[in-house]
Amino acid sequence: MGNLHTSYHTRLTSAFAAGGGQGGVRAGRMRQVAEVRTAHTADLDAGILKAARALLDDVFAGDMTDHDWEHALGGVHALAWEGAELVGHAAVVQRRLLHGGRALRTGYVEGVGVRADRRRRGHGTAMMDALERVVRGAYELGALGATDEAAHFYAARGWRLWQGPSSALTPTGVTRTQEEDGCIYVLPMAVPLDLSGELTCDWRDGDLW
Ligand SMILES: CC(C)(COP(=O)(O)OP(=O)(O)OC[C@H]1O[C@@H](n2cnc3c(N)ncnc32)[C@H](O)[C@@H]1OP(=O)(O)O)[C@@H](O)C(=O)NCCC(=O)NCCS
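Residues numbered from 1 in each chain as written. Predicted model: local features only at pLDDT ≥ 70, side-chain atom pairs only at ≥ 80, totals over all residues. Heavy atoms only, no water.

Visitor: Even after reading the chapter, I still don't get the side chain of Glu140, so can you show me in this structure?
Guide: Structurally, Glu140 is set in the loop between helix H3 (123–138) and strand S6 (141–145). The exposure class of Glu140 is buried, given its relative accessible area of 17%. Only 2.6 Å separates the side chain of Glu140 from the side chain of Arg102, close enough to count as a polar contact. (Helix = DSSP H or I, 4+ residues; strand = E, 2+ residues; numbered from the N terminus. Buried < 20%, exposed > 50% of the residue type's maximum accessible area, 1.4 Å probe, protein only. Polar contact = N/O pair within 3.5 Å; in protein donor to acceptor, adjacent residues only side chain to side chain.)

Visitor: Which parts of the structure should I look at to understand the pairing of strand S10 (residues 184–187)?
Guide: The two faces of the sheet receive side chains in turn, since in a regular strand these alternate between them. Residues Ile184 and Val186 point to one face of S10 and Tyr185 and Leu187 to the other, with burial holding for every one of them. Pairing of S6 with S10, which is carried by four bridges, proceeds in the antiparallel orientation. Across the sheet, residue Ala143 finds its bridge partner in S10, namely Val186. (Pairing = 2+ DSSP bridges.)

Visitor: Whenever I open this one, the layout of surface pockets confuses me. Can you help?
Guide: In this approach the atoms are scanned with a rolling probe the size of a water molecule, which exposes any empty space left behind. Roughly 1,100 Å³ of volume is contained in the largest pocket. Lining the largest pocket are 34 residues; nearest its centre among them are Phe60, Val112, Thr147, Ala150 and Tyr154. Put simply, the parts of the chain that give the lining of the largest pocket at least two residues each are helix H2 (66–71), strand S5 (102–114), H3, S6 and helix H4 (151–155). At seven residues, the largest contribution of residues to the lining of the largest pocket is made by S5. (1 Å grid on protein atoms, 1.4 Å probe; cavity = no way out; pocket = protein on both sides within 12 Å on 5 of 7 lines; lining within 4 Å. Points joined across faces, edges and corners; volume = space filled by probe spheres on them.)

Visitor: Quick question: what am I supposed to make of H3 here?
Guide: Two residues of an α-helix separated by three or four positions point the same way, owing to the 3.6 residues in each turn. Its 16 residues give H3 an end-to-end C-alpha distance of 23 Å, which sits within 8% of 22 Å, the value for a rise of 1.5 Å per residue. Along H3, the residues classified as buried are His123, Gly124, Ala126, Met127, Met128, Ala130, Leu131, Glu132, Val134 and Val135. (Expected span 1.5 Å × (residues − 1).)

Visitor: Whenever I open this one, the pattern of salt bridges confuses me. Can you help?
Guide: As a working rule, side chains carrying opposite charge can pair if their charged atoms are close by. All told, the structure shown has 16 salt bridges when counted by the stated rule. A salt bridge links Glu82 to Arg118; the shortest N-O distance between them is 2.6 Å. Here the residue Glu82 occupies a position in strand S3 (residues 76–82), and Arg118 occupies one in the loop between S5 and H3, the gap between them amounting to 36 residues. Residue Glu82 shares its accessibility class with Arg118, and that shared class is buried. One salt bridge connects Glu140 with Arg102, and the closest N-O pair in it is separated by 2.6 Å. Remark: Arg102 occurs in strand S5 and Glu140 occurs in the loop between H3 and S6; sequence separation between them is 38 residues. With relative accessibility at 41%, the residue Arg102 sits in the partly exposed group. (Salt bridge = Lys/Arg side-chain N within 4 Å of Asp/Glu carboxyl O.)

Visitor: What is the right way to look at the packing of aromatic side chains in this model?
Guide: Note on aromatic pairs: each is described by the distance of the centres and the angle between the planes. With the rule as written, the count across this model stands at three aromatic pairs. A centroid spacing of 6.4 Å and a plane angle of 45 degrees characterise the contact between Tyr108 and Trp209, whose relative ring orientation is tilted. Taken as a pair, Tyr108 in strand S5 and Trp209 in the segment after strand S11 (199–201) lie far apart in primary sequence, 101 residues in all. Each member of the pair Tyr108 and Trp209 is classed as buried. Here the aromatic cluster, defined as three or more aromatic residues joined through ring pairs, consists of Phe153, Tyr154 and Trp159. A cation over a ring is seen here: Arg37 above Trp81, with NZ or CZ 5.1 Å from the ring centre. One Lys or Arg, Arg95, reaches over the ring of Tyr108 and ends 4.7 Å from the middle of that ring. (Phe/Tyr/Trp six-rings, centres within 6.5 Å; stacked < 30°, edge-to-face > 60°. Lys NZ or Arg CZ within 6 Å of the ring centre and 35° of its normal.)

Visitor: Please explain helix H1 (residues 46–59) as it appears in this structure.
Guide: Taking 1.5 Å per residue, 14 residues should reach 20 Å; H1 reaches 20 Å between its end C-alpha atoms and fits that length. Considered for burial, the residues of H1 that qualify are Ile48, Leu49, Ala52, Arg53, Leu55 and Leu56. The arc that holds every buried residue of H1, seen down its axis, measures 160 degrees, which confines them to one face. For H1, the exposed residues set more than 90 degrees away from the buried face come down to Ala46, Lys50 and Asp58. Those residues of H1 hidden inside the fold are in contact with H2, S3, strand S4 (85–99) and S5. Among the residues trailing H1, Ala61 stands out with phi positive, at a value near 45 degrees. (Arc of directions from axis to C-beta. Contact = heavy atoms within 4.5 Å.)

Here you go:
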């Protein structure tokens, strides 16, 4: 990867080959090291960004649009690696969400996916650990639009389903986005939230949430 501004959160999963003996761990017996690295978009080279996009194209089976990918750029990425193989991607970008009369500085999570054959190994957890650290340290609120499949995954991590009406601040004013109701999750922090109140996102091309 070779980027200067990259932080490493290293974790070992089923890392050691069977039969390590009583002599403890030896590097030569390590079968696989899994790790999550975080980096700003600016510090990822084109090859890694291309691999991340390809991974998400695969994960979302062709439903990943150029807009969806663009929504994941400009913030901090968490990349899960098994050795030299990229097996997971997630990102957090800044958006403004309007709630309770405030424009909350929000860490919005985008592009979360783990290769189908590498799921349930903790990669999603490790990526979200890294991004939630960013959210808690830099923003007033975390938010994301969840797939049905991932709803339990986020809820188990403390993300709360938004119960109230969702809307977007469009060039022609605030517009309801009722098709998104029931899919939006927030990570509450210090700012008081009324989960049954209105939540309005800022404008962008493509899917608004
Ligand atoms: C959601 C996703 C990123 C999770 O990645 P992962 O690497 O499998 O997650 P983890 O291994 O860290 O799972 C952690 C826990 O989340 C829960 N979980 C994860 N996937 C789950 C599923 N499909 N059903 C129910 N619970 C699930 C489990 O409690 C799991 O713990 P366990 O394996 O000990 O039971 C992955 O399933 C994925 O890429 N899905 C397709 C794309 C998608 O929907 N992305 C979300 C966009 S909002």
